[in-house]
Amino acid sequence: MSLKKSILFIILILLIDQVSKIYIKTHFVLGEDITVFSWFKIYFIENDGMAWGTKISDFVSFISDRTAKISLTLFRIVAIFGIGYWLYDATKKQQSQILIWAVALIFAGAMGNIIDSVFYGVIFDDSYGQVASFMPASGGYDSLLHGKVVDMLYFPLWKGYLPDWLPFYGGEYFTFFEPVFNVADMAISTGFGLLIVFNKRAFA
């Protein structure tokens, strides 16, 4: 895949990701959900940190949540330049198509979540008990670089109590699959999945 095709593919992923997020943000109240199937829901939450809602401040106690948030956003911005160069180099050297597809997916997903983190706090008001407005006259819910990532895809494939004989978690109520994610997260996960499953072909 050429660099031009890679860029078009990235733009397509970004459009799907951002259109879905903007729609959810401007049509749902935080915590609202719609059941599509018994195993699939559109469930609006916002992620203030890393994957699965983890925060840097969860591991480094002396850093405040706001400092951790801006550090994470800045790290993501720096990382995207490295991923972008990796994609450019891979296409220029005509490396494996699997590698190029994977890196393009990772780049698109990372960029999609960066847009939320950098701009959403400025261009939307909050979603607590209300549907957010785009570019509200009163200003956004936070400052630049402090936006929250919009998640909405929820697949509770199975819910129930685990058998008592299971160590540690026996007898507890369990949901599989618990995390709520978005199109950008799917792109990143798919990209990394391709690199893991097709490792030898990707790095031939």
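The structure displayed is predicted, hence computed values, not measured ones. (Residues numbered from 1 in each chain as written. Predicted model: local features only at pLDDT ≥ 70, side-chain atom pairs only at ≥ 80, totals over all residues. Heavy atoms only, no water.)

## Observations concerning the sheet that holds strand β2 (residues 40-47)
The condition that has to hold: Pairing between two strands is assigned when DSSP locates at least 2 bridges connecting them. Only DSSP runs of H or I covering at least 4 residues are called helices, and only runs of E covering at least 2 are called strands; the numbering of each starts at the N terminus. Two residues form a contact once any of their heavy atoms are found within 4.5 Å. Working convention: axes come from line fits to C-alpha atoms, limited for helices to the stretch in contact. Angles between N-to-C directions cover 0 to 180 degrees.
Taken in spatial order, the four strands make up an open sheet running β1-β2-β3-β6, and their pairing is antiparallel. Because the sheet does not close on itself, it has two edges, and the strands there are β1 (33-37) and β6 (180-181). Strand direction decides the pairing type here: β2 and strand β3 (residues 149-154), joined by five bridges, are antiparallel. When the bridges of β3 are listed, Ile42 appears paired with Leu153. Packed on one face of the sheet, helix α1 (residues 3-27) meets β2 and β3 and runs near 95 degrees to β3.

## Things to note about unusual backbone geometry
The omega torsion of the bond from Phe176 to Phe177 falls at 25 degrees, within 30 degrees of zero and hence cis. As for its position among the elements, Phe177 is in the loop between β5 (173-176) and β6. The backbone phi angle of Met135 is positive, close to 50 degrees, even though this residue is not glycine. Here Met135 shows up in the loop between α3 (97-123) and β3. The phi dihedral of Leu145 falls on the positive side, at around 80 degrees, and the residue is not glycine.

## Observations concerning the packing of aromatic side chains
Rules: Pairing of aromatic side chains here covers Phe, Tyr and the six-membered ring of Trp, requires ring centres within 6.5 Å, and sorts the geometry by plane angle: under 30 degrees stacked, over 60 edge-to-face, intermediate tilted. Any residue under 20% of the maximum accessible area for its type is buried, any over 50% is exposed, and the rest in between are partly exposed; the area is computed with a 1.4 Å probe on protein chains only.
The final tally for this structure, using the stated rule, is 13 aromatic pairs. Pairing Tyr43 with Tyr154 gives two aromatic rings, centres 5.7 Å apart and planes at 50 degrees, and the pair type is tilted. Residue Tyr43 is located in strand β2, and its partner Tyr154 is located in strand β3; the two are separated by 111 residues in the primary sequence. Overall, the relative accessible area of 26% leaves Tyr43 in the partly exposed class. By relative accessible area, which is 8% here, Tyr154 ends up buried. Ring centres 5.8 Å apart and planes at 15 degrees place the aromatic pair Phe155 and Phe181 in the stacked group. Note that Phe155 is positioned in the loop between β3 and β4 (158-161) and Phe181 in strand β6, a separation of 26 residues in sequence. With relative accessibility at 24%, the residue Phe155 sits in the partly exposed group. What links up through ring pairs into an aromatic cluster is the set Phe37, Trp39, Phe40, Phe155, Phe176, Phe177 and Phe181.

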